[in-house]
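The lines below spell out each chain.
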There are 2 protein chains.
Amino acid sequence: MTDLLRRFFSGDRLALARVITVIENDPERRETLLQALHPHTGHASRLGLTGPPGAGKSTLVDRLTSLIRRDGQTVGIVAVDPTSPFTGGALLGDRLRMQSTWADPGVFIRSMADRSQSGGLASATPDVMVALDAFGKDTILVETVGVGQSTFDIANVTETTVVVLTPESGDSIQAMKAGLMEIADLLVVNKADRDGASRFASELRMMLDMRQRTSEWLPPVLKTSARDNTGIDDLYASILCHRAYLTQSRELDARRLRQSRAAITRAIDARIARRIWDQPETRPALDRLAERVCRREVEPYAAADEVLRTVGLGN
Amino acid sequence: MTDLLRRFFSGDRLALARVITVIENDPERRETLLQALHPHTGHASRLGLTGPPGAGKSTLVDRLTSLIRRDGQTVGIVAVDPTSPFTGGALLGDRLRMQSTWADPGVFIRSMADRSQSGGLASATPDVMVALDAFGKDTILVETVGVGQSTFDIANVTETTVVVLTPESGDSIQAMKAGLMEIADLLVVNKADRDGASRFASELRMMLDMRQRTSEWLPPVLKTSARDNTGIDDLYASILCHRAYLTQSRELDARRLRQSRAAITRAIDARIARRIWDQPETRPALDRLAERVCRREVEPYAAADEVLRTVGLGN
């Protein structure tokens, strides 16, 4: 572990990859690692892109990465999207188009799409961001699918959240229902070359105007076409502008406090989970009680209390 | 509470709606209610439909409901899909087309799309199913978006899971990446009138053949067009056939045991969450520690331990 950390802090990319793998898969060593990494964090800007599948988030991430790199900043990317080309979910063409990013040693990409561990990997996302931050990445980009429930809330791990929609995603009500309008610091209408883009953008602007303002910042609505590379410079400028607003308004402190609160909450959950599920008694007790719940001899809450007593967490 | 339950068990739909609201919003009374309902559960068949947004799941749910009703069975529907017409996410046309289902007193529909409580509602889904089961619904249909992470695994709350895809969703690799192939008891290619439907269906069949078989049941791939109402009878027949397979192979017992195990696990999580977050000391301690985490004076796991000590759950 000490050797791994030594190589990590000397800037060895393989050590970074290894650290992330440990964080994802080894609950025993995860805590120790995170404790060692924490003092070295707080440097990176954290930027999130979210939206429905097929909105073109990955291509935008790729284009933004080029601009950030042009400014001499290093980039870490975490893609939590089973449909992302970063995770192999899209057509070969997409992946080819992104090879510039892949080949750049100043860019580190980690995909978290494998659901075989039933959400386990994706829930490690905030901890993976800790690793990228401690490694010294200047900007961390997170790409998530903003549909349905997420095991973590993107706004809890970023300072700036960009919501990406397309004219096709059509009904702006849908974005609202999914809670996307609430978390947007910037709204992007991507694939803006398509029909209805301008009308859709105006619709979004109207909806934002109707919304109750909770800060000085009114989220801009930007039109981009990631494929044609139009609007990306404006988007990047707006992101930097939001960043400046955060710093100047002291909202940045509030958001970092929220991130810390979320980090403690996750640590609490992890600690408790280990105290329950890492005990050898737990699984047999659960199996026995599940049979009794099936026979309606006991109901799930009473069974839960019995499991908790078994591991010394009873009332 | 006693009066509410009396009305509930006499078949009062308003009492059912009220019970569900309590389950969703009132952690204090939720447990008491669930304990009272549990002995009356175990009657319903639980059927899940999952797939990407826009695959036409809601229309399929509507069509299947008609067939189940024709068989004289009552139906409860839970839609956990922000893009579902049941939850107001789609165009008016969709909603109109479904009015037959809405008007039928033998059908109860509950949507869980409001993300304002940050996933809280959606995570109540399994408990809402308990209420529908105890109310006496013969079949419970759950509709979820099968993209990204879900706060609960649909296969943990159903006996039969139908994965709905469209020729447009294209890349079958994508469905595999999202873990959808793993949980499918039946695969449906919806909007089968469109180009490429047959090729896509063959592709899916091939992928299923390559997969390692874990049971006697080979998931069939069915083509439907929910709009034209074609293929729905075959789908319903296949669902009944899977149900018969489950009963005859005793796999039904295994799946119900898995449901019970998941129910106990959820109860454990709920109990622990209340013991931590319902204490008046917790929030102030968290706020204080979050500041210190921001200043890198303490790292999140140490902070978590301090919170746990505060509420008497320290090591």
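Residues numbered from 1 in each chain as written. Chains lettered and ligands numbered in written order. Predicted model: local features only at pLDDT ≥ 70, side-chain atom pairs only at ≥ 80, totals over all residues.

**Let's talk about the confidence of the model for chain A**
Residue and element names in this part refer to chain A.
- When pLDDT is averaged across chain A, the result is 85; 84% of the residues are at 70 or more.
- Between residues 87–97, whose pLDDT stays under 50, and residues either more than four places distant or in other chains, the model counts 22 contacts.
- Taken as a whole, residues 114–121 scores under 50 in pLDDT and shows ten contacts with residues more than four places along the chain or in a different chain.
- For this predicted complex, the interface score ipTM comes out at 0.86, while the overall pTM is 0.81. (pLDDT = per-residue confidence, 0-100. Contact = placed C-beta atoms within 7 Å.)

**Some details on the sheet that holds strand β2 (residues 75–80) of chain B**
All names here are of chain B.
- The parallel open sheet is built from seven strands, whose spatial order is β3-β2-β4-β1-β5-β6-β7. Lying at the two open borders of the sheet, with one neighbouring strand each, are β3 (107–111) and β7 (221–223). Taken over all neighbouring pairs, the strand axes of this sheet differ in orientation by 20 degrees on average, direction set aside.
- Looking at chain direction, strand β1 (residues 45–51) and strand β5 (residues 160–165) are connected through four bridges and run parallel. The partner of T50 across the bridge, within β5, is V163. (Pairing = 2+ DSSP bridges. Helix = DSSP H or I, 4+ residues; strand = E, 2+ residues; numbered from the N terminus. Axes fitted to C-alpha atoms, helices over the stretch in contact; angles between N-to-C directions.)

**Regarding helix α2 (residues 13–25) of chain B**
Residue and element names in this part refer to chain B.
- Here α2 contains 13 residues, and its C-alpha end-to-end distance of 18 Å stays within 8% of the 18 Å for a straight helix at 1.5 Å per residue.
- Taken residue by residue, α2 has L16, V19, I20, I23 and E24 as its buried positions. Seen end-on, α2 carries its buried residues on one side only, within an arc spanning 135 degrees. Facing away from the buried side of α2 by more than 90 degrees, the exposed set consists of L14 and T21.
- Where α2 is buried, its residues contact α1 (2–9), α3 (27–37), β3 and α7 (125–135). (Expected span 1.5 Å × (residues − 1). Buried ≥ 20, exposed ≤ 12 C-beta atoms within 10 Å, placed from the backbone. Arc of directions from axis to C-beta.)

**Concerning the environment of R227 of chain B**
- As for its position among the elements, R227 of chain B is in the loop between β7 and α11 (232–249).
- R227 of chain B sits 207 residues away from I20 of chain B along the chain, and the two C-alpha atoms are 31 Å apart.

**So, the pairing of strand β3 (residues 107–111) of chain A**
Residues and elements named next belong to chain A.
- Burial runs high along β3: four of the five residues are buried.
- Across five bridges, the pairing between strand β2 (residues 75–80) and β3 is parallel. Opposite V75, over in β3, you have V107 as the bridge partner.

**Concerning the packing of helix α12 (residues 251–277) of chain A against helix α13 (residues 282–294) of chain B**
- Where α12 of chain A meets α13 of chain B, the closest approach of the two axes is 8 Å, and the angle between their N-to-C directions is 110 degrees. Considering their axes alone, α12 of chain A and α13 of chain B lie roughly perpendicular with respect to each other. Remark: the crossing between α12 of chain A and α13 of chain B carries right-handed chirality. Residues R256, L257, S260, R261, A263 and I264 of chain A of α12 of chain A lie in contact with α13 of chain B, whose contacting residues are L286, L289, A290, E291, V293 and C294 of chain B.
- By residue class, the composition of the contact of α12 of chain A with α13 of chain B is eight nonpolar, one polar and three charged. (Parallel < 35°, antiparallel > 145°, perpendicular 65-115°, else oblique. Left-handed = near helix turned anticlockwise from the far one by under 90°. Nonpolar A, V, L, I, M, F, W, Y, C, P; charged D, E, K, R; others polar.)

**A look at helix α10 (residues 197–210) of chain A**
Residue and element names in this part refer to chain A.
- The end-to-end C-alpha separation of α10 is 20 Å, in line with the 20 Å expected for 14 residues at 1.5 Å each.
- Among the residues of α10, those classed as buried are F200, A201 and L204. Mapping the buried residues of α10 onto a view down its axis gives an arc of 100 degrees, with all of them on the same face. Exposed residues on α10 whose side chains face more than 90 degrees from its buried face are S198, R199, S202, M206, D209 and M210.

**Focus: the sheet that holds β2 of chain A**
Residue and element names in this part refer to chain A.
- The strand order across the open sheet built from seven strands is β3-β2-β4-β1-β5-β6-β7, with neighbouring strands paired in parallel fashion. Each edge of the open sheet is held by one strand with a lone partner, namely β3 and β7 (221–223). Direction aside, the axes of adjacent strands within the sheet are offset by 20 degrees on average.
- Each of β6 (186–189) and β7 is contacted by α10, which is oriented at about 170 degrees to β7, the strand it contacts most.

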